[in-house]
2 protein chains.
Amino acid sequence: MPHPIDLAHLASLIGDPARAMMLSRLMEGPARTAGELSRDARVSPQTASGHLAKLLSGGLLGVEAQGRHRYYRLAGPEVARALEALGLLVPLRAAPMSTPEPLRFARTCYDHLAGTLGVALAEGMERRGLLESSEEGFALTPPGAEFVAHWGVDVEALTRGRRAFAKRCLDWSERRAHIGGALGAALAERLFAMRWLARRTEGRGVRLTVEGRTGFERELGLSWP
Amino acid sequence: MPHPIDLAHLASLIGDPARAMMLSRLMEGPARTAGELSRDARVSPQTASGHLAKLLSGGLLGVEAQGRHRYYRLAGPEVARALEALGLLVPLRAAPMSTPEPLRFARTCYDHLAGTLGVALAEGMERRGLLESSEEGFALTPPGAEFVAHWGVDVEALTRGRRAFAKRCLDWSERRAHIGGALGAALAERLFAMRWLARRTEGRGVRLTVEGRTGFERELGLSWP
DNA sequence: GCGATGTTTCGGCCCATGCCGAAGCATCCC
DNA sequence: GGGATGCTTCGGCATGGGCCGAAACATCGC
């Protein structure tokens, strides 16, 4: 058994309203900047910075500097599991913290696609040699560029932009990467335009249309029950 | 997702050294009195009482009054799971909090037998009509008294003592009851004396000997892989 | 009944910690 | 370079909450 003082220290990190709020937001998946988290928790940036430093040194968060932003994320799946187990204890006046099923299948993550579907898209393209994965992110192969072009994505324009081309965005519910960055946003935009996907009336949920189902099956060999 | 304020409140209950210590002790399984927990946590009885009231109203503990003692226990398996998940996060300088496998099979609980083996003994005796279970505890049937006597237990002496005859002791790893109280202690004492069981070199672990294995099989029809 | 033991309630002290204003770096964009 | 933006560090304030002494209440054993 862990020494109880460590357990207490760990739990006390979670046991502050502002920090709990930050952790809850980070449970959603994508990393968030210090400023966003400060607004999430309704505290000043200084205060948030202090909280984040505590969570970081306590091993609950990881951080990555990107320009003048610092992106914080949960340190790992055990952290999410522990938070979830804890969440199950709170009186059931709200839905449990685990990812709700519809969101789990497909949802937007900022402006790109996440969930089972988002991961399947990335992995399907990789399997067909359309996409390559590296440390920094994804890259389109020449056939890949052609492929997305016929979906209506202007690849050349994306590379001109200032935004990262295609980040590997860790998918929380799937624990695998989906396509973020400029390419991810463009793909999502096209898939909505082609009516392969439709936004659910509220929230971040995304629905796969009949056209989408047959399209993914035909062009990438992807299918779902 | 639960409202983060609830998550924070819950975690802050665990996030105090004294309370974390109490919870850790209660993770071991048997309920403990307020006084024991106060000593466990190295705080005064008043302070402990305050902590226990908080844990109780937070739904982490349950309590049962028995004479002038109040026995506290974890409120349920979800609580144990959450604590365990949290325990997994603390740096691994100690063994994880989950019940280690050897302890899970057989261990002493104070002076009597717990774990899979302890529960199997209780249920095996019940199935054969040797033991009866009621609200207050277990009772031996006449054949049961005869049975334990031939193991060398002086039943009559046990009833003279002041100690409860045979408490139902909730087994944490099994979530079912094993035999505590005077009878539980006497049974364990005899089983060690008969060399059916042997103590592991350190800790509360108990090993089933070859004689024990054949003995339990022969006399109670109990067997394990 | 009476004393001993176990537990809780009350009251007050005091420290740990969350909070923000001000200031200091770092980075970006023009 | 200069200004704007994002983030952190520092310092001081205030309050929440843990702690214990004292005392009340309950139960046990005589």
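Residues numbered from 1 in each chain as written. Chains lettered and ligands numbered in written order. Predicted model: local features only at pLDDT ≥ 70, side-chain atom pairs only at ≥ 80, totals over all residues. Heavy atoms only, no water.

(A) Layout of the pairing of strand 3 (residues 69-74) of chain B. Residue and element names in this part refer to chain B. Two strands pair when backbone bridges link them, and strand 1 (residues 32-33) and strand 3 are joined in this way by two bridges, in the antiparallel orientation. Residue pairing for strand 3: threonine 33 is matched across the bridge by tyrosine 71. Relative to strand 3, strand 2 (residues 61-66) is paired through six bridges, and the arrangement is antiparallel. Counted as the bridge partner of valine 63 is tyrosine 72 from strand 3. Hairpin geometry of strand 2 and strand 3 is characterised by an intervening segment of two residues between the two adjacent antiparallel strands and by a positive phi of about 65° at glycine 67. (Pairing = 2+ DSSP bridges. Helix = DSSP H or I, 4+ residues; strand = E, 2+ residues; numbered from the N terminus.)

(B) Broad picture of helix 11 (residues 210-220) of chain A. All names here are of chain A. For helix 11, every residue scored as buried is listed here: Gly212, Gly215, Phe216, Glu219 and Leu220. The buried residues of helix 11 occupy one face: seen down the axis, they fall within an arc of 95°. Along helix 11, the residues that are exposed and aim more than 90 degrees away from the buried face are Val210 and Arg218. Packed against the buried residues of helix 11 are helix 7 (116-127), helix 8 (142-150), helix 10 (181-193), strand 10 (197-199) and strand 11 (206-208). (Buried < 20%, exposed > 50% of the residue type's maximum accessible area, 1.4 Å probe, protein only. Arc of directions from axis to C-beta. Contact = heavy atoms within 4.5 Å.)

(C) Structural view of the environment of threonine 141 of chain B. All names here are of chain B. Counting through the fold element by element, threonine 141 comes out in the loop between strand 7 (138-140) and helix 8 (142-150). Residues threonine 141 and leucine 131, spaced 10 residues apart in sequence, show a C-alpha to C-alpha distance of 5.7 Å. Those residues in contact with threonine 141, other than ones at most four positions away along the chain, are Gly129, Leu130, Leu131 and Glu132.

(D) The protein's contact with DNA strand D, seen in detail. The environment of DNA strand D is formed by 20 residues, the closest being Gly35 and Tyr72 of chain A together with Gln46, Thr47 and His51 of chain B. The share of sugar and phosphate among atoms of DNA strand D within 4 Å of the protein is 69%. In the environment of DNA strand D, a phosphate oxygen lies 2.9 Å from a nitrogen or oxygen atom belonging to the side chain of threonine 47 of chain B. Here a phosphate oxygen of DNA strand D and a side-chain polar atom of histidine 51 of chain B are 2.4 Å apart. Among the secondary structure elements, those contributing two or more residues to the surface near DNA strand D are helix 3 (34-40), helix 4 (45-57) and strand 3 (69-74) of chain A together with helix 4 (45-57) of chain B. (Near = heavy atom within 4 Å. Polar contact = N/O pair within 3.5 Å; in protein donor to acceptor, adjacent residues only side chain to side chain.)

(E) The arrangement of the sheet that holds strand 3 of chain A in detail. All names here are of chain A. Pairing within the open sheet is antiparallel, and its three strands lie in the order 1-3-2. Strand pairing shows two members of the sheet lacking a second neighbour, strand 1 (32-33) and strand 2 (61-66), which therefore form its edges. Contacts from helix 4 reach strand 2 and strand 3, with the element oriented near 120° to strand 2. (Axes fitted to C-alpha atoms, helices over the stretch in contact; angles between N-to-C directions.)

(F) Up close: the nonpolar core. The biggest cluster of nonpolar side chains holds 58 residues, and the ones touching the most others in it are Ile14, Leu74 and Leu86 of chain A together with Ile14, Leu74 and Leu86 of chain B. Apart from residues lying up to four places away in sequence, isoleucine 14 of chain A is in contact with Ala20, Leu23, Leu60, Leu83 and Leu86 of chain A together with Leu7, Ala8, Ala11 and Leu86 of chain B. (Core = buried A, V, L, I, M, F, W, Y, C linked by side-chain atoms within 4.5 Å.)

(G) Quick look at the environment of alanine 41 of chain A. Residue and element names in this part refer to chain A. Checked against the element boundaries, alanine 41 lands in the loop between helix 3 and helix 4. Separated by 18 residues in the primary sequence, alanine 41 and leucine 23 have C-alpha atoms spaced 9.7 Å apart. Those residues in contact with alanine 41, other than ones at most four positions away along the chain, are Ala18, Met21 and Met22.

(H) The confidence of the model for chain A, seen in detail. Confidence along chain A averages 81 in pLDDT terms, with 83% of residues attaining 70 or more. In this model, residues 92-98 of chain A is a region of pLDDT below 50 whose contacts with residues beyond four sequence positions or in other chains number 15 contacts. (pLDDT = per-residue confidence, 0-100.)

(I) Spotlight on the packing of aromatic side chains. Overall, the coordinates contain eight aromatic pairs over all chains when judged by the stated rule. When the centroid spacing of 4.9 Å and the interplanar angle of 50° are considered together, the rings of phenylalanine 147 of chain A and tryptophan 151 of chain A count as tilted. Neither phenylalanine 147 of chain A nor tryptophan 151 of chain A differs from the other in exposure class; each is buried. Arranged with centres 5.3 Å apart and planes meeting at 70°, the rings of tryptophan 151 of chain B and tryptophan 196 of chain B form a pair that is edge-to-face. You can see tryptophan 151 of chain B sitting in the loop between helix 8 and helix 9 (155-160) and its partner tryptophan 196 of chain B sitting in the loop between helix 10 (181-193) and strand 10 (197-199), a full 45 residues away along the chain. Assigned by exposure class, tryptophan 151 of chain B and tryptophan 196 of chain B land together as buried. (Phe/Tyr/Trp six-rings, centres within 6.5 Å; stacked < 30°, edge-to-face > 60°.)

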